[in-house]
Amino acid sequence: MAKKYIFVNKNLKKARVIKSTGSWATVKNDDNQIVDCKIKGNFRLKEIKNTNPVAVGDLVEYDTIEHNDNGTINSIGLIHKIEKRKNYIIRKSQNLSKQAHIIAANIDQAFLIITINFPLTTTTFIDRFLVSAEAYSIPVTLVFNKIDRFDKKHIDKLKLLTKTYENIGYKCLQTSAKTGEGIDTLKTEMTDKINVVSGHSGVGKSTLINILQPGLNLKTNEISESHKTGKHSTTFAEMFEFDFGGYIIDTPGIKAYGMLEMEAWEISHYFPEIFKVSKNCQFQNCSHTHEPECAVKTAIKNGEIAESRYISYLGLLEKDDKHRAAF
Ligand code: GDP
Ligand code: ZN
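These figures come from a predicted structure and were not determined experimentally.

Trainee: I'd love a proper account of the packing of aromatic side chains, names of residues and values included.
Mentor: Evaluated as defined, the whole model comprises four aromatic pairs. Ring plane angle 25 degrees and centroid distance 6.2 Å describe the contact between Tyr 310 and Tyr 313, whose orientation is recorded as stacked. You can see Tyr 310 and its partner Tyr 313 sitting in helix H8 (residues 307-317), three residues apart, about one turn around the helix. Its relative accessible area of 12% is what places Tyr 310 among the buried residues.

Trainee: Describe the coordination of the zinc ion (ligand 2), with residues and values.
Mentor: Those protein atoms acting as donors to the zinc ion (ligand 2) are Cys 281 (SG), Cys 286 (SG), His 288 (ND1) and Cys 294 (SG), and they sit at 2.1 to 2.4 Å. For the zinc ion (ligand 2), the four donor atoms in the first shell make angles of 102 to 116 degrees at the metal, so the coordination geometry reads as tetrahedral. Read N to C, the donor residues that coordinate the zinc ion (ligand 2) are spaced as C-x4-C-x1-H-x5-C. Exposure class is identical for Cys 281 and His 288. Each is buried.

Trainee: An account of the pattern of salt bridges is requested, with residue identities and associated values reported.
Mentor: If charged atoms from side chains of opposite charge come close, those side chains can pair. Considering all chains together, one arrives at 10 salt bridges under this definition. A salt bridge links Lys 28 to Glu 241; the nearest nitrogen and oxygen atoms lie 2.4 Å apart. Within this pair, whereas Lys 28 is found in strand S2 (residues 24-29), its partner Glu 241 is found in strand S12 (residues 238-241), the two being separated by 213 residues in sequence. By relative accessible area, Glu 241 is classed as partly exposed at 40%. Residues Arg 309 and Glu 273 are paired through a salt bridge, measuring 2.6 Å at the closest nitrogen-oxygen approach.

Trainee: Could you give an account of the site of ligand 1, with specific residues and numbers?
Mentor: Neighbouring ligand 1 are 17 residues, the closest being Asp 148, Ala 177, Gly 202, Ser 206 and Thr 207. Residue Val 203 places a main-chain N or O atom 3.4 Å away from an oxygen atom belonging to ligand 1. Here an oxygen atom of ligand 1 and a side-chain polar atom of Thr 207 are 2.4 Å apart.

Trainee: Give a description of the packing of helix H1 (residues 123-135) against H8 that names residues and reports values.
Mentor: A pair of packed helices is captured by two measures, namely the crossing angle of their axes and the spacing between those axes. Contact geometry of H1 with H8 gives a least axis separation of 9 Å together with a crossing angle of 65 degrees. One way to sum up the angle between H1 and H8 is to call them roughly perpendicular. When the axes of H1 and H8 are compared, the crossing they make is right-handed. In this structure, H1 uses Thr 123, Thr 124, Asp 127, Arg 128, Leu 130 and Val 131 to contact H8, whose residues at the interface are Ser 308, Arg 309, Ser 312 and Leu 316. Among the residues making up the contact of H1 with H8, the classes are represented as three nonpolar, four polar and three charged.

Conventions used here
- Residues numbered from 1 in each chain as written.
- Chains lettered and ligands numbered in written order.
- Predicted model: local features only at pLDDT ≥ 70, side-chain atom pairs only at ≥ 80, totals over all residues.
- Heavy atoms only, no water.
- Phe/Tyr/Trp six-rings, centres within 6.5 Å; stacked < 30°, edge-to-face > 60°.
- Helix = DSSP H or I, 4+ residues; strand = E, 2+ residues; numbered from the N terminus.
- Buried < 20%, exposed > 50% of the residue type's maximum accessible area, 1.4 Å probe, protein only.
- Donors = N, O, S within 2.8 Å, 3.2 Å for Na, K, Ca; no water.
- Tetrahedral: all angles 85-135°; square planar, octahedral: opposite > 155°, others 65-115°.
- Salt bridge = Lys/Arg side-chain N within 4 Å of Asp/Glu carboxyl O.
- Near = heavy atom within 4 Å.
- Polar contact = N/O pair within 3.5 Å; in protein donor to acceptor, adjacent residues only side chain to side chain.
- Axes fitted to C-alpha atoms, helices over the stretch in contact; angles between N-to-C directions.
- Parallel < 35°, antiparallel > 145°, perpendicular 65-115°, else oblique.
- Left-handed = near helix turned anticlockwise from the far one by under 90°.
- Contact = heavy atoms within 4.5 Å.
- Nonpolar A, V, L, I, M, F, W, Y, C, P; charged D, E, K, R; others polar.

Spelled out as structure tokens, the structure:
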């Protein structure tokens with residue numbers, strides 16, 4: 001027998017999407033109730049073609065439909081409206097449709113977990129990540145993990161990197177999931193915020209998260225070499241609540257955010273220290289490569305801008321840099 005709708009509560013309620021699988025979304029409303037919702041109509045971002053209408057982190061308005069399912073009253077939500085996103089991260093689809101999948105929206109901050117060794121995180125990787133986060137307007141904190149394994153050489157490098165990134169304005173933390181050092185600070189930083197955690201495989205993301213919130217058992221490291229294929233398209237981001245307040249977004253199988261299409265001139269805008277100094281270049285459209293009277297190159301010579309940052313900048317400038325579109 002067909003389901004009969006018996007009651008529609010037209011009072012729109014506000015909620016946040018904590019899980020989304022395409023046509024269904026699980027939301028948490030202002031009264032902390034968890035409701036499964038269907039998505040009404042066609043929501044599409046104007047700027048990009050995207051495959052999923054709502055994403056984890058979205059703020060939505062929904063009403064409730066109750067129906068009699070062979071004597072059992074079931075209630076589902078129907079999402080009518082998605083609030084404008086303050087930011088979002090996307091993943092480009094692998095095929096040629098150029099469609100993007102929105103991984104998550106309305107993120108307060110990202111934590112990039114870095115290891116100086118075991119494994120090595122390069123400055124190129126760090127800078128690419130920072131550029132993509134700047135482009136999405138997501139503040140980043142750099143977390144240097146596994147400090148219990150650092151010898152003198154590693155500590156010197158840690159100091160140098162910390163100085164480089166703190167000078168630009170990025171917060172830097174040091175942690176050890178083994179000794180517990182720095183965990184309280186990390187916890188304080190994440191409290192009451194919507195957080196994403198990124199970084200190379202093996203840097204300790206899942207270990208750190210499981211210390212912050214025991215029992216979560218996030219799937220960060222779930223994708224083993226042998227299972228790599230096919231999993232990416234079927235995994236969806238999910239948002240978990242911390243007991244101490246705030247959320248963590250798990251992005252299974254996603255190693256980096258998809259970069260928005262970026263023009264060459266735009267790239268320097270996402271290197272805050274380069275952008276700041278570039279106002280003093282002789283040419284307004286200076287690319288800081290070959291032009292005379294370039295304030296950026298002077299700043300590098302004077303040690304005001306780190307050479308490693310400039311190298312990353314040049315790498316992203318290269319036109320045939322495949323990573324720029326795909327990263
Ligand atoms: P993920 O791939 O980023 O999620 O990394 P995992 O959390 O799976 O950690 C990879 C390995 O590093 C595991 O064997 C962890 O026990 C280890 N590990 C994580 N954090 C630390 C740390 O701070 N110190 C040390 N010595 N080992 C760590
Ligand atoms: Zn210049």
